[in-house]
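What follows is the residue order along each chain.
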Amino acid sequence: GYTGYTPNAGYPSLREAFAFRLNSDYGLGISSERVVVSVGAMGGLFNAFCAVLTAGDEVLIPDPGYPNYYMAVRLLGARAVPYPLKVEPSGFSIDVENVRSRITDRTKVLIINSPSNPTGLVENFQTIRALIDLAQENGIYILSDESYDHIIYDGEHISPLKFDDKGNVIAVHSCSKTYSMTGWRVGFVVSPLDITPVISKLQEAYVSCAPSVSQKAAEAALSGPQDCVREMLAVYFKRRQLAMQLCDELGINYVRPRGAFYLMVALPEREKHDSMGFALRLVREARVAVAPGVTFGAQG
């Protein structure tokens, strides 16, 4: 019977179920009033951008990073400023001083994506704490994309929400990866109390609300047994180990992913400057589909 419109922010029961899951998983004290149910994580990200950005503002985006960040920022007339990630065979990481050097008086948002698409980055406690301090010092928002928070192999998930005592953090979560609910389109935005009503109202303008039936499915996923999540993670772990083992045997360089389900593989030396061309040749000649690194930024 849940087939009609819902409140813009989503069913109260789903907002409560998500807040409970978030708090129990990470030791937080988030109230359901700070949660807005969005049309997937992408809907949540766009809502957050709409709520805080003005044309001409600058947004710091990881490089390599998820290309949809660039698209959303540009649609709103803001400027995407990439910050290069540090890269070593053992994994990608954020250089706090590098981020600091890119902050200007137009900087409004710093995006953190941990675990990361496409790098597999899982950032540590010290770096997340330092980035929170940096945001508070400069009066900017951290937009934390935590869509892969339950898919971690090395380390643990540290949410910036844990350190946010001044209202600088907006976090975006999703049912898509944790519960394999990509097509249901359910995400969540956790924001400071002064921003939450704005995000909720914005949804009226272009989606009204997340699908009602999907919200009830998400509520069942969040409230039910979580064994399926652990079982899925175990399978992904085995696949990651197999992929890295094959690369080692074949002499292919790669960066070890600590989370998510992507492996960034180095091109052969002769192909270094044309990842798009290589990807097209690979699918045509070997019937293997990969994403070209250039898709994810200059460093990609």
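Everything below is about the structure shown above.
Notes on the structure in this doc start here. (Residues numbered from 1 in each chain as written. Predicted model: local features only at pLDDT ≥ 70, side-chain atom pairs only at ≥ 80, totals over all residues. Heavy atoms only, no water.)

On to the overall build of the protein, then. Check the secondary structure of the protein and you find 9 helices and 11 strands. The principal-axis extent of the C-alpha atoms belonging to the protein is close to 55 × 45 × 35 Å. Burial statistics for the protein: of 300 residues in total, 52% are counted as buried. In the protein, once contacts between residues fewer than 6 apart in sequence are set aside, the share between residues at least 24 apart is 70%. (Helix = DSSP H or I, 4+ residues; strand = E, 2+ residues; numbered from the N terminus. Buried < 20%, exposed > 50% of the residue type's maximum accessible area, 1.4 Å probe, protein only. Contact = heavy atoms within 4.5 Å.)

Turning our eyes to something else, we now look at the sheet that holds strand β6 (residues 107-113). Reading across from one edge, β1-β9-β8-β7-β6-β2-β3 is the order of the 7 strands in this open sheet, with mixed pairing throughout. Across the chains shown, the open sheet's two edge strands, defined by having one partner strand only, are β1 (35-38) and β3 (79-84). Ignoring which end each strand starts from, the neighbouring axes of this sheet average 25 degrees apart. Here strand β2 (residues 58-63) runs beside β3; their pairing, made up of 6 bridges, is parallel. Bridging from a neighbouring strand, Leu60 pairs with Val81 of β3. Its contacts with the sheet put helix α6 (residues 196-206) on β1 and β9 (187-190), and the angle it makes with β1 is roughly 20 degrees. (Pairing = 2+ DSSP bridges. Axes fitted to C-alpha atoms, helices over the stretch in contact; angles between N-to-C directions.)

What follows concerns helix α8 (residues 227-250). The end-to-end C-alpha separation of α8 is 35 Å, in line with the 34 Å expected for 24 residues at 1.5 Å each. When we look at burial in α8, the residues that qualify are Val229, Met232, Tyr236, Arg240, Met244 and Cys247. Of the surrounding secondary structure, the elements contacted by the buried residues of α8 are β10 (254-255) and β11 (264-265). The positive-phi residue at the C-terminal boundary of α8 is Gly251, with phi of around 70 degrees. (Expected span 1.5 Å × (residues − 1).)

A separate point is a nonpolar patch on the surface. Residues Leu242, Leu246, Leu250, Ile252 and Val265 make up a contiguous nonpolar surface patch of roughly 440 Å² in combined accessible area. When residues in the nonpolar patch are grouped by element, the largest group, 3 residues, is from α8. Mapped onto the secondary structure, Ile252 falls in the loop between α8 and β10. (Patch = residues over 30% accessible without salt bridge, like charges linked within 9 Å, V, L, I, M, F, W, Y side chains within 5 Å. Areas by Shrake-Rupley, 256 points an atom, 1.4 Å probe, with all protein chains shown as cover. Salt bridge = Lys/Arg side-chain N within 4 Å of Asp/Glu carboxyl O.)

Burial of strand β7 (residues 141-145) is extensive: 4 of the 5 residues sit out of reach of the surface. One ladder, built from 5 bridges, connects β6 with β7; its direction is parallel. Paired with Ile111 across the bridge in β7 is Leu143. The parallel pair β6 and β7 is bridged by helix α5 (residues 125-138), and the resulting crossover is right-handed. As paired strands, β7 and strand β8 (residues 169-174) are joined by 4 bridges and run parallel to one another. The residue of β8 that forms the bridge with Ile142 is Val169. (Right-handed = clockwise from strand over helix to strand, strands pointing away.)

Let us look at the nonpolar core. Generally speaking, nonpolar side chains in soluble globular proteins are found buried as a group. The biggest cluster of nonpolar side chains holds 48 residues, and the ones touching the most others in it are Leu110 and Phe188. Among the nonpolar cores identified, the runner-up in size contains 24 residues, and Ala48, Val52, Val59 and Ile195 belong to it. (Core = buried A, V, L, I, M, F, W, Y, C linked by side-chain atoms within 4.5 Å.)

Burial along β9 is two-sided: the face carrying Gly187 and Val189 and the face carrying Phe188 and Val190 are both buried. As paired strands, β1 and β9 are joined by 4 bridges and run antiparallel to one another. Paired with Val36 across the two strands is Val189, which belongs to β9. For β8 and β9, the ladder comprises 4 bridges, and the chain directions are antiparallel. Bridging from a neighbouring strand, Ser174 pairs with Gly187 of β9.

For the rest of this paragraph, the subject is the packing of helix α1 (residues 12-26) against helix α7 (residues 212-223). Viewed as axis vectors pointing N to C, α1 and α7 meet at an angle of 30 degrees, and their least axial separation amounts to 9 Å. Comparing their axes, α7 and α1 come out roughly parallel. As for the relative orientation of α1 and α7, their crossing is left-handed in sense. Contacts from Ser13, Leu14, Ala17, Phe18 and Arg21 of α1 reach α7 at Gln215, Lys216, Ala218, Glu219, Leu222 and Ser223. Partitioning the contact of α1 with α7 into residue classes produces 5 nonpolar, 3 polar and 3 charged. (Parallel < 35°, antiparallel > 145°, perpendicular 65-115°, else oblique. Left-handed = near helix turned anticlockwise from the far one by under 90°. Nonpolar A, V, L, I, M, F, W, Y, C, P; charged D, E, K, R; others polar.)

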